[in-house]
Amino acid sequence: MVAASMWVAAVVLGVVLTWVVAELDRRAYGYVERGDDLIVTHGVLVRRLIVVPYGRMQFVDVTAGLLERWMGVATIRMHTAAAATDATIPGLPTAEAALLRDRLAQKGEERSMGL
């Protein structure tokens, strides 16, 4: 009986810790649209800052899996020629993701570097 109680407690603790880390990771994402580039930040223990110039964007991808569609959110991925500067913004409301995609595509076309 004691061993079973310890296993249940360990599983509950694991689920709670996983939820806390997932929530912290979700809140750690942020982005800012500036005049010439997009800044994306994320990370809980190690903070990462990605600067994507609008002129270097090749395309902007909006995806939403089955669970994401059910929750009304989408993920935006900005692809550039250099794989290291590809940026992702997950968990945006679907309407906001569509508007951001359109703004980024427009700014990318305006500042295209002719690649």
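Residues numbered from 1 in each chain as written. Predicted model: local features only at pLDDT ≥ 70, side-chain atom pairs only at ≥ 80, totals over all residues. Heavy atoms only, no water.

The next subject is the sheet that holds strand β1 (residues 30–33). Each strand in a sheet pairs with another by means of backbone hydrogen bonds, the pair being arranged parallel or else antiparallel. Reading across the sheet, the three strands line up as β1-β2-β3 and stay open at both edges, with antiparallel pairing between neighbours. In this open sheet, the two edge strands, each paired with only one partner strand, are β1 and β3 (48–53). Each strand of the sheet is rotated relative to its neighbour by a mean of 15°, with strand direction disregarded. Here six bridges tie strand β2 (residues 37–42) to β3, and the two strands are oriented antiparallel to one another. Bridging from a neighbouring strand, Thr 41 pairs with Leu 49 of β3. Those strands touched by helix α3 (residues 94–110) are β1 and β2, and its axis lies near 40° from that of β1. (Pairing = 2+ DSSP bridges. Helix = DSSP H or I, 4+ residues; strand = E, 2+ residues; numbered from the N terminus. Axes fitted to C-alpha atoms, helices over the stretch in contact; angles between N-to-C directions. Contact = heavy atoms within 4.5 Å.)

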